[in-house]
Amino acid sequence: MSGRSIHIKVDGRTYSGTFVVDRKILTVTTTYGRKAAEISPRAAHEALAHQLLLDLVREEKARKGSTL
C-alpha cells in the first residue's frame, strides 16, 4: 500500500513522511516512527496527517541523543 507524502517545517527544518488511510484509521510513517489515529468525519486527512507528523517530530526531538 503506497502513501501520500507530507512535509512540515519545524524550527527551520523540513521533515517528511507518508500517510495512508485504511478504513477509518490514518497512519503516518517516518524514518523514526509511526503514529495512527482514527479519522473524525470533520477532520481533513492532510490536517490530521500533519498533526501526527508534528507529534512524531516533537517526540523524536525530546529523546535523549536525538539527531533531529
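Source: prediction; values computed, not measured.

Structural notes on the side chain of T30
Now for step 1: Relative to the elements of secondary structure, T30 occurs in strand 3 (residues 25–30).
Now for step 2: On the accessibility criterion, T30 (12% relative accessible area) is buried.
Now for step 3: Within the structure, the side chain of T30 is placed 3.2 Å from the backbone nitrogen of Y32, a separation counted as a polar contact.
Now for step 4: If we ignore the near neighbours within four places in the chain, the residues touching T30 are S16, G17, L53 and L56.

A closer look at the confidence of the model for the protein
Do not read the fine detail of predicted coordinates wherever pLDDT is low.
Now for step 1: Per-residue confidence for the protein averages 92 on the pLDDT scale, and 99% of its residues sit at or above 70.
Now for step 2: Averaged pLDDT values for the elements of the protein fall to 94 in helix 1 (residues 45–62) and rise to 97 in strand 3.

What about the nonpolar core?
Now for step 1: Membership of the largest hydrophobic core comes to 15 residues, with the highest contact counts inside it found for I8, L26 and V28.
Now for step 2: Looking at this core, the elements with two or more residues in it are strand 1 (4–10), strand 2 (13–22), strand 3 and helix 1.
Now for step 3: When residues in this core are grouped by element, the largest group, 7 residues, is from helix 1.
Now for step 4: Once you skip the residues sitting within four places of it in the chain, V28 turns out to touch I6, T18, F19, G33, R34, K35, A49, L52, L53 and L56.

Re the environment of S2
Now for step 1: Among the secondary structure elements, S2 is positioned in the segment before strand 1.
Now for step 2: Note on S2: relative accessible area 68%, which makes it exposed.
Now for step 3: Put simply, S2 and T18 are 16 residues apart on the chain and 8.5 Å apart in space, counted from C-alpha to C-alpha.

With respect to the pattern of salt bridges
Now for step 1: Applying the stated rule across the entire model yields 5 salt bridges.
Now for step 2: In this structure, K61 engages D11 in a salt bridge whose closest nitrogen and oxygen atoms are separated by 3.1 Å. One end of the pair, K61, is in helix 1; the other, D11, is in the loop between strand 1 and strand 2, and 50 residues separate them in sequence.
Now for step 3: Judged by relative accessible area, D11 falls into the exposed class, the value being 66%.
Now for step 4: When the shortest N-O distance is used, the salt bridge between E60 and R63 registers 2.4 Å.
Now for step 5: For E60, a relative accessible area of 14% puts it in the buried group.
Now for step 6: Look at R63 and you get partly exposed, because its relative accessible area is 45%.

Rules of the game
Residues numbered from 1 in each chain as written. Predicted model: local features only at pLDDT ≥ 70, side-chain atom pairs only at ≥ 80, totals over all residues. Heavy atoms only, no water. Helix = DSSP H or I, 4+ residues; strand = E, 2+ residues; numbered from the N terminus. Buried < 20%, exposed > 50% of the residue type's maximum accessible area, 1.4 Å probe, protein only. Polar contact = N/O pair within 3.5 Å; in protein donor to acceptor, adjacent residues only side chain to side chain. Contact = heavy atoms within 4.5 Å. pLDDT = per-residue confidence, 0-100. Core = buried A, V, L, I, M, F, W, Y, C linked by side-chain atoms within 4.5 Å. Salt bridge = Lys/Arg side-chain N within 4 Å of Asp/Glu carboxyl O.

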